[in-house]
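One letter stands for each residue in the lines below.
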Amino acid sequence: MVLQKDFFDLPAGMIYLDGNSLGPLPKTVKDRVAAMIQDEWGTQLIKGWNTSGWMAQPSRIGDAIGRLIGAPQGTVVIGDTLSIKVFQAVAAAIKMRPDRRVILSDSGNFPTDLYMVEGLIKALDSGYELRVVAPEDVASAIDDTVAVVMLTEVDYRTGRMHEMGSMTKTAHEAGAVMIWDLAHSAGAVPVDLEASGCEFAIGCTYKYLNGGPGAPAFIYVRKDLADDVEPALAGWLGHDAPFAFDLKYRPARGIERMRVGTPPVLQMAALDAALAVWEGVDMAEMRSASIALQETFIHHVESRVPQLTLASPRDSARRGSQVSFAFENGYAAMQALIARGVIGDFRAPDIMRFGFTPLYIDEADVIAAVDHIEVVMKDRLWDDPKYLTRQRVT
Ligand SMILES: *Cc1c(COP(=O)(O)O)cnc(C)c1O
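Residues numbered from 1 in each chain as written. Predicted model: local features only at pLDDT ≥ 70, side-chain atom pairs only at ≥ 80, totals over all residues. Heavy atoms only, no water.

**Regarding the overall build of the chain**
A count of helices and strands for the chain gives twelve helices and 13 strands. Here the C-alpha radius of gyration of the chain, 22 Å, is about what a compact globule of 394 residues would show, namely 21 Å. Each of the three principal axes of the chain carries a C-alpha extent, and together these read 70 × 55 × 40 Å. When the 394 residues of the chain are sorted by exposure, 55% land in the buried category. The long-range fraction of contacts in the chain, counting pairs at least 24 apart against all pairs at least 6 apart in sequence, stands at 72%. By element, 55% of the accessible surface of the chain is carried by carbon and sulfur atoms, the whole surface being about 16600 Å². Placing the 38 positive and 51 negative side-chain charges of the chain at their respective mean positions leaves the two points 3 Å apart. (Helix = DSSP H or I, 4+ residues; strand = E, 2+ residues; numbered from the N terminus. Rg over C-alpha atoms; globule rule 2.2 N^0.38 Å. Buried < 20%, exposed > 50% of the residue type's maximum accessible area, 1.4 Å probe, protein only. Contact = heavy atoms within 4.5 Å. Areas by Shrake-Rupley, 256 points an atom, 1.4 Å probe, with all protein chains shown as cover. Lys, Arg positive; Asp, Glu negative; His and termini not counted. Charge placed at Lys NZ, Arg CZ, Asp CG, Glu CD.)

Printed below as a string of structure tokens:
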């Protein structure tokens with residue numbers, strides 16, 4: 001079963017097409033977080049670390065996420081933010097290719113991924129170079145100078161997808177280490193990390209996994225490497241024996257070494273409760289449902305709203321779970337839509353982005369959303385000074 005509207009607490013009358021940016025609130029989360037605060041933190045206080053298993057949660061929840069992305073048990077751990085996980089993965093990956101100096105990525109990547117690499121390169125000051133090419137040029141840019149290929153599978157702006165299996169193979173044939181960012185993949189498209197053979201993967205949990213604003217990120221390290229990777233962020237909870245309080249760092253066995261500091265226990269409770277929705281969801285079924293919604297949306301927008309130009313790949317197999325349309329007054333148009341209860345978002349310079357999450361969006365929602373888009377465009381409702389001022393978060 002894919003559609004589970006009842007699992008979520010969606011405001012009446014809202015059509016939420018922004019689960020690719022922040023998943024909605026699952027009903028299970030409210031009760032769980034309230035109980036956690038009252039019965040665990042409030043009652044057990046410090047004892048909760050042991051009696052409520054807070055300390056074991058980063059791996060336990062990591063395993064639950066692993067099941068959605070084809071990662072075996074014991075290969076995923078959660079904590080920190082995705083930006084931090086980018087840093088950890090790249091820092092560990094370059095150590096695996098000490099004679100190479102190039103980190104390759106593409107111009108469709110989310111800026112923080114590139115910024116974190118720039119920051120790492122500056123801190124190392126050892127001649128590393130971040131090479132950024134157009135998404136379609138990545139495969140041909142992989143040569144034997146490349147230490148690491150770091151890509152986001154689904155482009156945050158257009159939804160364009162890289163082909164994970166063949167790209168990883170190309171990277172490996174050139175002797176490079178492969179890192180996949182699954183920010184817009186986990187919970188949206190089927191992923192088989194183990195089959196891909198990539199060394200590292202990272203992602204966030206507040207988008208399609210509905211963990212709530214600020215929910216912790218995840219990192220995957222291929223099983224055969226986990227005892228050898230060198231953690232650059234050598235925090236005490238990634239130590240082999242944190243409570244021995246050794247003065248010298250000694251990494252924990254396996255994926256636990258990618259932990260850094262105290263885990264966000266309240267956010268983990270929310271995420272854990274949110275992940276319950278995936279029990280019994282088949283990712284292949286989820287993918288077909290998502291594609292069906294997207295195709296309906298594209299068909300109706302293109303036949304009824306000529307002002308918008310498709311900015312996502314037309315081939316559904318090359319598109320994640322979002323559809324983007326370009327429109328020169330896209331920011332104002334999105335504000336006008338939001339005012340009517342259709343929530344998407346805007347990405348500079350002119351992209352109106354709509355995410356499709358078959359867990360709580362059905363065909364009737366899609367048609368109703370297009371009805372609103374048609375009115376906003378036909379009646380130029382976007383052409384109103386109140387929609388022109390950009391807010392801090394777009
Ligand atoms: C959403 C997203 C991020 C956000 O990083 P945070 O550290 O969680 O703020 C990073 N990278 C990609 C590819 C994203 O889509």
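On we go from here.
**Things to note about the confidence of the model for the chain**
The pLDDT averaged across the chain works out to 97; a share of 100% of its residues lies at or above 70. At the level of individual helices and strands, the chain shows its lowest average pLDDT in strand β12 (residues 345-347), which scores 94, and its highest in strand β6 (residues 177-181), which scores 99. (pLDDT = per-residue confidence, 0-100.)

**Quick word on the site of the ligand**
Looking at the ligand, the residues that line it are Thr-81, Leu-82, Ser-83, Phe-110, Thr-112, Asp-113, Thr-152, Asp-181, Ala-183, His-184, Tyr-206 and Lys-207. Ser-83 places a polar side-chain atom, nitrogen or oxygen, 2.6 Å from an oxygen atom of the ligand. Taking His-184, its side chain carries an N or O atom lying 2.9 Å from an oxygen atom of the ligand. For the ligand, the protein covers 86% of the area, taking 390 Å² as the surface of the free molecule. In this structure, the ligand is accommodated by the largest pocket. Those elements that place two or more of their residues in the shell around the ligand are α4 (82-95) and α5 (111-124). By residue class, the composition of the shell around the ligand is four nonpolar, five polar and three charged. (Near = heavy atom within 4 Å. Polar contact = N/O pair within 3.5 Å; in protein donor to acceptor, adjacent residues only side chain to side chain. 1 Å grid on protein atoms, 1.4 Å probe; cavity = no way out; pocket = protein on both sides within 12 Å on 5 of 7 lines; lining within 4 Å. Sits in = over half its atoms within 2 Å of the grid points. Nonpolar A, V, L, I, M, F, W, Y, C, P; charged D, E, K, R; others polar.)

**Comments concerning the packing of helix α3 (residues 57-66) against helix α9 (residues 265-274)**
Running from N to C, α3 and α9 point in directions that differ by 25°, and their axes come no closer than 11 Å. The orientation of α3 with respect to α9, classified from their angle, is roughly parallel. As α3 packs across α9, the resulting crossing turns out to be left-handed. Listed contacts from α9 to Gln-57, Pro-58, Arg-60, Ile-61 and Ile-65 of α3 are Met-268, Leu-271 and Asp-272. Considering only residue class, the contact of α3 with α9 consists of five nonpolar, one polar and two charged. (Axes fitted to C-alpha atoms, helices over the stretch in contact; angles between N-to-C directions. Parallel < 35°, antiparallel > 145°, perpendicular 65-115°, else oblique. Left-handed = near helix turned anticlockwise from the far one by under 90°.)

**Some remarks on the side chain of Asn-20**
Residue position: Asn-20 is located in the loop between β1 (15-16) and α1 (27-44). For Asn-20, a relative accessible area of 0% gives the class buried. Contact partners of Asn-20, with chain neighbours within four places excluded, come to His-184, Lys-207, Tyr-208, Gln-322, Arg-353 and Gly-355.

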